[in-house]
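Below are the chains, spelled out letter by letter.
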Amino acid sequence: MEIYFDNAATTRPCKEAVEAITRCLTETYGNPSSLHGVGLAAQLVMDEARKTIAGAIGASAEEILFTSGATESTAIALHGIAHTYGRHNRRIITTTVEHASVRETCNHLEEEGFEVVRIRPREDGKFDPADFVSAVNDKTCLLTMMLVNNETGTILPVEQVFRAVKRANPKIITHCDAVQGFLKLPFRVSGLQADLLSLSGHKIYAAKGIGALYIRKGVRVSPLIHGGKQEKGLRPGTESVPLIAGMGAAVRIHLPTIAERASAAAELRTYLLERLSSLDEITINSPADGLPYIVNFSVQGIRSEILLHFLEERGISVSSGSACSKGANSGVLGEFGVKPQLADSALRISFCHNNTKTEIDTLIEMIKIGQNTLHRAK
Ligand code: PLP
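Residues numbered from 1 in each chain as written. Predicted model: local features only at pLDDT ≥ 70, side-chain atom pairs only at ≥ 80, totals over all residues. Heavy atoms only, no water.

1. A few points about unusual backbone geometry
Even without being glycine, Tyr 205 reaches a positive phi, approximately 70 degrees. Its location among the elements puts Tyr 205 in the loop between β7 (196-200) and β8 (211-215). Look at Lys 232: it is not a glycine, yet its phi comes out positive at around 60 degrees. Locating Lys 232 in the fold gives a position in the loop between β8 and α8 (241-254). Residue class for Lys 232 comes out exposed when judged on its relative accessible area of 59%. (Helix = DSSP H or I, 4+ residues; strand = E, 2+ residues; numbered from the N terminus. Buried < 20%, exposed > 50% of the residue type's maximum accessible area, 1.4 Å probe, protein only.)

2. With respect to the site of the ligand
Close contacts around the ligand come from 14 residues, with Thr 71, Asp 177, Gln 180, Ser 200 and Lys 203 the closest. In this structure, an oxygen atom belonging to the ligand sits 2.9 Å away from a main-chain N or O atom of Ala 70. For the ligand, an oxygen atom lies 2.7 Å from a polar atom in the side chain of Ser 200. Coverage of the ligand by the protein chains reaches 90% of its 400 Å² of free accessible surface. By residue class, the composition of the shell around the ligand is 4 nonpolar, 8 polar and 2 charged. (Near = heavy atom within 4 Å. Polar contact = N/O pair within 3.5 Å; in protein donor to acceptor, adjacent residues only side chain to side chain. Areas by Shrake-Rupley, 256 points an atom, 1.4 Å probe, with all protein chains shown as cover. Nonpolar A, V, L, I, M, F, W, Y, C, P; charged D, E, K, R; others polar.)

3. Notes on the packing of aromatic side chains
Within the structure shown, the criterion is met by 3 aromatic pairs. For the ring pair Phe 127 and Phe 132, a centre distance of 5.9 Å and an interplane angle of 50 degrees mean the geometry is tilted. The interplanar angle of 55 degrees and the centroid separation of 6.5 Å between the aromatic rings of Phe 182 and Phe 187 together place this pair among those described as tilted. Per residue, the accessibility class of Phe 182 equals that of Phe 187, and both read buried. Over the ring of Phe 114 we find Arg 90, and its NZ or CZ is 4.0 Å from the ring centre. (Phe/Tyr/Trp six-rings, centres within 6.5 Å; stacked < 30°, edge-to-face > 60°. Lys NZ or Arg CZ within 6 Å of the ring centre and 35° of its normal.)

4. Section: the pattern of salt bridges
Applying the stated criterion across every chain yields a total of 19 salt bridges. The residue Asp 128 makes a salt bridge to Arg 122 at a minimum N-O spacing of 3.3 Å. When its relative accessible area of 25% is taken as the criterion, Asp 128 is described as partly exposed. For the salt bridge of Arg 122 with Asp 131, the shortest nitrogen-to-oxygen distance reads 2.8 Å. Classification of Arg 122 as partly exposed rests on a relative accessible area of 41%. Here the residues in one salt-bridge network are Arg 122, Asp 128 and Asp 131, joined through shared partners. (Salt bridge = Lys/Arg side-chain N within 4 Å of Asp/Glu carboxyl O.)

Next up, the structure:
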């Protein structure tokens, strides 16, 4: 028995993505920069995927760059904007709950001499657009904010914040890490008011090692690495056509089913919460109005890693907080008001639409056994 409840860390690639990747490895293997027919065939596959991904977020194909993943997309975005627009305007605004890819890039820019202002959620775990507007001054070049928090599923008010901040200073460039919201929440870049936006393939049933960066037409980004002219010179190097085709296929298949999959996830979440409420000493850390795919909760008195391994030995894969931090407490739960002791015993369940209530029953049964045996072992 294998139960996979860690879809926010990564997903199993869908059949369509695997087939598209295989086709490129075996048939459309050309270099898209080559001038002959074999190269052109690869170029056409890539164009198609670019168009699909652009269409999914309301962008045009020329506004999409392919990268190796969201971490690289974000690095190109933040460094590129800071170095183009930040010569004199050295303030960057972000939040205290970002994924490491944004958090560490902002830390790095701070070391380079940028002033980074980090906005915290209010006591109720919600962000107030007024706090961002207060942080804006005429020296602000960039605001970066995630769409959905990967640890709790909290949906951030990106549209309201970006609109309010641009009203206060229209020159500010906005970047959104939309990794956990893509194909789960419907959004368009124009609605969000995002000038740049990062996406990842492996969170949406495509392969690892592929991502995309949206850059609104007219926004200038200086390159982080130098080389050929691929991806407008912003991501030089031969494109990974197979992985690009896989991402295109995954988007094509999952875009029409956003609402249907979200309601399946909501049903699973409701069931999980109901079943958890039958157990003792459980605290729910995710907000009630969060993304239905992510439920973060603490099993009081048992450290996350202990319960995680107990479940893993019984064929159930879950995560403790953020996967990228390898189980280390990233501090993000604390920012959302979770007390340190509870943060140390937090587990994250993240669904895909194929999970079942029977799997949740098994999880609950195992947590119950874990509570009895692990508590007693202490
Ligand atoms: N941003 C968020 C919110 C994530 O959850 C992740 C992955 O954990 C990333 C960025 C990084 O994505 P990638 O693995 O494609 O670099």
